[in-house]
Amino acid sequence: MTLQERRVTEPTGTAIITVDDNGENAIVMDPGANRLLEFLSAEESATIAAADVLVVQLETPMSAVIGAAHAARAASTTVVLNASPIQPLPAELLACVDVLIVNEHEARHLAAHTRSIQTQHGDEHELASALSEQGPAVILTLGPRGAIRLCAR
């Protein structure tokens, strides 16, 4: 494993996760130093290109996530995106993603922004199917009820 490190003077990001009695979570986040990662250096891109798998999430600016995904895709590195905290996903990012991980609430948000579908509460398979039509395999986490995995490719 290769470690790639970038140091800044900002404090690290912080997230607080609460879980209710039904197993549902809520996350409060302060990105801290993560917000400073707006681009990748040539060395960082080379490290990604040499990897087998790249795992990214949305606690860093979208420009860095997209840059990392492009570097990975160009090298045939598998791209796993945990789309949290949720926000609209640009088509250029989705085109690079092999595996998309979202919870059911994030999935409904994405489906509403990427395709005009409305699923009834509990229609998780339809929701996962709608997201997988965008290209990636989808892992839809369902809290205490487990997860659904759907591969469209």
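What counts as what
In every chain, residue numbers begin from 1 and rise along the written sequence. Reporting in this predicted model follows two pLDDT cut-offs: at least 70 for local features of residues, and 80 or more for side-chain atom pairs to be given and counted; totals over whole chains, interfaces and linings ignore these cut-offs and use all residues. To get the side-chain values, take all heavy atoms of the structure and skip hydrogens and water. What counts as a helix is a DSSP run of H or I of at least four residues, what counts as a strand is a run of E of at least two, and both are numbered from the N terminus. Between any two strands, at least two bridges found by DSSP are needed for them to pair. Here an angle of 0 to 180 degrees is reported between the N-to-C directions of two axes, which are lines fitted to C-alpha atoms, with helices fitted over the stretch in contact. The buried label applies to any residue whose accessible area, calculated with a 1.4 Å probe on protein chains only, is under 20% of its type's maximum; exposed applies above 50%, and partly exposed to all values in between.

> Help me get a handle on unusual backbone geometry, residues and values and all.
Of the consecutive residues Ser84 and Pro85, the connecting peptide bond is found in the cis state with omega at -5 degrees. Summarising the element assignment, Pro85 is placed in the loop between β4 (78–82) and α3 (91–94).

> Tell me about the sheet that holds β4, residues and numbers included.
Here five strands make up an open sheet; going across it, the order is β3-β4-β5-β6-β7 and the pairing mixed. Taken across any chain shown, the strands that pair with only one partner, and hence form the sheet edges, are β3 (53–57) and β7 (147–150). On average, each strand axis in the sheet is inclined to that of its neighbour by 15 degrees, with strand direction left out of account. The pairing of strand β5 (residues 99–103) with strand β6 (residues 137–141) spans five bridges and is parallel. Bridge pairing in β6 links Val99 to Ala137.

> Give me the pairing of strand β1 (residues 14–19): which residues, what numbers.
Within β1, only zero of the six residues are buried, leaving the element largely exposed. The pairing of β1 with strand β2 (residues 25–30) spans six bridges and is classified as antiparallel. Residue pairing in the sheet places Ile16 in a bridge with Val28 of β2. Hairpin connection, β1 to β2: the antiparallel pair is bridged by five residues, and Gly23 has positive phi, about 85 degrees.

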